[in-house]
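What follows is the residue order along each chain.
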Amino acid sequence: MDGINSLRNGPDEEGRFGLYGGRFVAETLMPLILDLEAHYRAAKVDPDYLSEIKDLATHYTGRPSPLYFAERLTKHLGGAKVWLKREELNHTGSHKINNCLGQILLAKRMGKTRIIAETGAGQHGVATATVCAKFDLPCTIFMGATDVERQKPNVLRMKMLGAEVRPVTAGAGTLKDAMNEALRDWVTNVDTTYYLIGTAAGPHPYPEMVRDFQSVIGTELKQQFQEAEGRLPEAVVACVGGGSNAIGTFYAFLDDPSVKLYGAEAGGHGIDTENGHAASMTGGRPGVLHGNRTYLLQDKDGQILEGHSISAGLDYPGVGPEHAFLHDSKRVTYAPITDKEALDAFQLLTRTEGIIPALESAHGLAQVMKVAPTMGKDTSIVLCLSGRGDKDVESVGNYLGLL
Amino acid sequence: MSRIEKRFAECKAAGRPALVTYVMAGDPDLATSQAIMEALPQAGSDIIEFGMPFSDPMADGVAIQLGGQRALAGGMTLRGVLGMVEDFRRKDETTPIVLMGYYNPIYSFGVDRFLLAAKDAGVDGLIIVDLPPEEDEELCIPALAAGINFIRLTTPTTDDRRLPAVLKNTSGFVYYVSMTGITGAAIKSRAAVGEAVARIKSHTDLPVAVGFGIKTAEDAAEIGKHSDGIVVGTVLVDAVARTLVDGKATDKTVAAVRDLVADIFAGVKRARA
């Protein structure tokens, strides 16, 4: 295992990554998350459970996802070789399925008969509705009313898969409000219901569990890059909303100091615009929300701000607690990407490689566009292309005036 | 003896449960909310639970969510809540005040600074929904050291195995949440509530108050038979909401809350008659 100085040892028994994480939940939920933790500890070392995940990853998701050398993009940027870890080719179109399969098998083991989830862009909602269809469990997806509007294709997909989509009108009607409502449902239906959280945040053990399910991304990437280039890449990039694809990508590299790690936060209209961005680490401060302590967008009185991003998957006012820890320890560099930079990146990848990225992933690409040109031609930078952009075609079309 | 202990002892001597009333600080504006607070003891409230508004009240139903939003829109802050308690204390030295809410505004204010200011203002207890015993080091233990009661919620999911841990650092009273759910939902079984209170009382000498889902004088009389206190909140916040015109208080606002508390107090008085 990892040594005492490893950055891969978290969380501790209290669910803390340094100052961050923990179990800040109402008493009604406390016995449930302790029970979940006990079941997860047992499942994690059960060969049957692990082989079922592996089998589904191969035959249902389509893993391993390819590591692709983006030749034209590399030429265009004129620096490091740019590689894409193609999570967008997974079944359901993003990395979200990795986590959903792990958790649905756990829910089955626990004898739960109903699934709830929150979703922002709808990628997690679609992945949840998908595994619920496959495992024949009823599911309810909470989605902010604003997001229901701007992510219509995903709403339709969820409905076709048999999920009930509940629009949440409280607050600004985005991901934070959807999560509040999911927690209210969970606290009401404790006996039957499993809450399938989509990102590496929330009360312990969710941040650890979701990271473990997503860490297949970085583990594969490391091996694939080794096979292709015979070494480690110089830099690895991922976008960060709650941060599940990012922690899944980074985790395998945390103890490899030669690999620079970059997380792209949603800079919205720019981080100097009050409440106009969703960059919780660059523009927020530590606080407690949704079961964990982490960096949050909040006003001076500790009231949570809504945040803004062009991407419905990134406009969450918090971030997973392990990212908060990695930010403080400076192992990962988190940088804001504006809406405009993300739109430019979206178009660049579409035109140079014929790959339409999700707006979330386009934030990561925008960071690559900043870093790659500063690196030597014999070096490599890898982006986790976490999702495909089919769901964003209409809203990007609107922004670009094509409709 | 703390104000809270004293008040429960008085109610016990009077042969009735204590009436605990929850209102949202600053709803819909500071002056009206201050007037509501001051009207509560006269109407029959034994203990005031004063809601600290929060943007993301994850354990609350729609009524209290909206009350919090009105208070925040009216400019209420944690500092403002403490100021209201301070003003109240100038006129009322005896009615216990328990602040109820979520941890982040306190964490943002600074725990030590908050506890000093709360003690100074005359706050007697705290109920912080998102601080279970697993996070006692955060605020519970510092609050006890500062001489402020930390009142814990116990719920139908808190089983006998877990109950001792939940009760360990609890003081003042134990707040039994009558159901798994959010504030304002309906109680499924009154009989089950009575059994649960008996179960908790077999583990502690502290008074046990029951809340969530108590809406009428009849509920109060029924639930009050087996508990040391009953808590009403959602119906009072709803009463405020019903009197507003264009979101603003009217001359009916304070009276609506006062009359409802008086009505429920009548139920409390006949609980054990």
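Residues numbered from 1 in each chain as written. Chains lettered and ligands numbered in written order. Predicted model: local features only at pLDDT ≥ 70, side-chain atom pairs only at ≥ 80, totals over all residues.

Engineer: Just to check I follow, could you spell out the overall build of chain B for this structure?
Structural biologist: When you go through chain B residue by residue, the secondary structure sums to 12 helices and nine strands. A compact globule built from 273 residues should have a C-alpha radius of gyration of about 19 Å, and chain B, at 17 Å, falls within 12% of that. Its C-alpha atoms give chain B principal-axis dimensions of about 45 × 40 × 35 Å. Burial analysis of chain B (273 residues in total) assigns 58% to the buried set. Considering only residue pairs separated by 6 or more positions, chain B has 75% of its internal contacts joining residues 24 or more positions apart. (Helix = DSSP H or I, 4+ residues; strand = E, 2+ residues; numbered from the N terminus. Rg over C-alpha atoms; globule rule 2.2 N^0.38 Å. Buried ≥ 20, exposed ≤ 12 C-beta atoms within 10 Å, placed from the backbone. Contact = placed C-beta atoms within 7 Å.)

Engineer: So what exactly am I meant to see when it comes to helix α9 (residues 206-214) of chain A here?
Structural biologist: Three or four residues apart is the spacing at which side chains of an α-helix point the same way, because the helix has 3.6 residues per turn. By the criterion of burial, α9(A) is predominantly enclosed, with eight of the nine residues buried. The set of residues buried in α9(A) consists of Tyr206(A), Pro207(A), Glu208(A), Met209(A), Val210(A), Arg211(A), Phe213(A) and Gln214(A).

Engineer: For this particular structure, what's the right way to read the environment of Pro321(A)?
Structural biologist: Structurally, Pro321(A) can be placed in helix α13 (residues 321-328). In this structure the C-alpha to C-alpha distance between Pro321(A) and Thr92(A), which are 229 residues apart in sequence, comes to 26 Å.

Engineer: I would appreciate a short explanation of the pairing of strand β10 (residues 260-268) of chain A in the present structure.
Structural biologist: Looking down a regular strand, the side chains alternate between one sheet face and the other. All names here are of chain A. In terms of burial, β10 is largely enclosed, as eight of its nine residues are buried. In terms of strand pairing, strand β9 (residues 235-239) meets β10 through five bridges, oriented parallel. The partner of Cys239 across the bridge, within β10, is Ala264. Pairing of β10 with strand β13 (residues 332-338), which is carried by seven bridges, proceeds in the parallel orientation. Bridge pairing in β13 links Gly263 to Tyr334. (Pairing = 2+ DSSP bridges.)

Engineer: Sorry, what's going on with the domain arrangement of chain A here?
Structural biologist: Note: interface size is frequently given as the accessible area lost on complex formation between the parts. Residue and element names in this part refer to chain A. According to the domain assignment, chain A consists of domain 1 (16-58 + 95-210) and domain 2 (64-93 + 214-399). Computed from C-alpha coordinates alone, the two centres of domain 1 and domain 2 are separated by 22 Å. Contact residues are listed per partner, giving 41 residues for domain 1 and 44 residues for domain 2. Mapped by element, the contributors of at least two residues to the side of domain 1 that touches domain 2 are β2 (20-24), α4 (96-109), α5 (123-134), α6 (145-150), α7 (152-160), α8 (175-188) and α9. Partitioned by chemical class, the residues of the side of domain 1 that touches domain 2 number 19 nonpolar, 17 polar and five charged. (Domains from an automatic or database assignment. Nonpolar A, V, L, I, M, F, W, Y, C, P; charged D, E, K, R; others polar.)

Engineer: Where do I start with the interface of chain A and chain B in this structure?
Structural biologist: Between chain A and chain B, the residue contacts involve 27 residues of the former and 34 residues of the latter. When residues of the side of chain A that touches chain B are traced back to their parent elements, those giving at least two are β2, α1 (30-44), α8 and β11 (285-289) of chain A. Among the elements that make up the side of chain A that touches chain B, the one with the highest residue count is α8(A) (six residues). Across the side of chain A that touches chain B, the residue classes break down as 13 nonpolar, eight polar and six charged.

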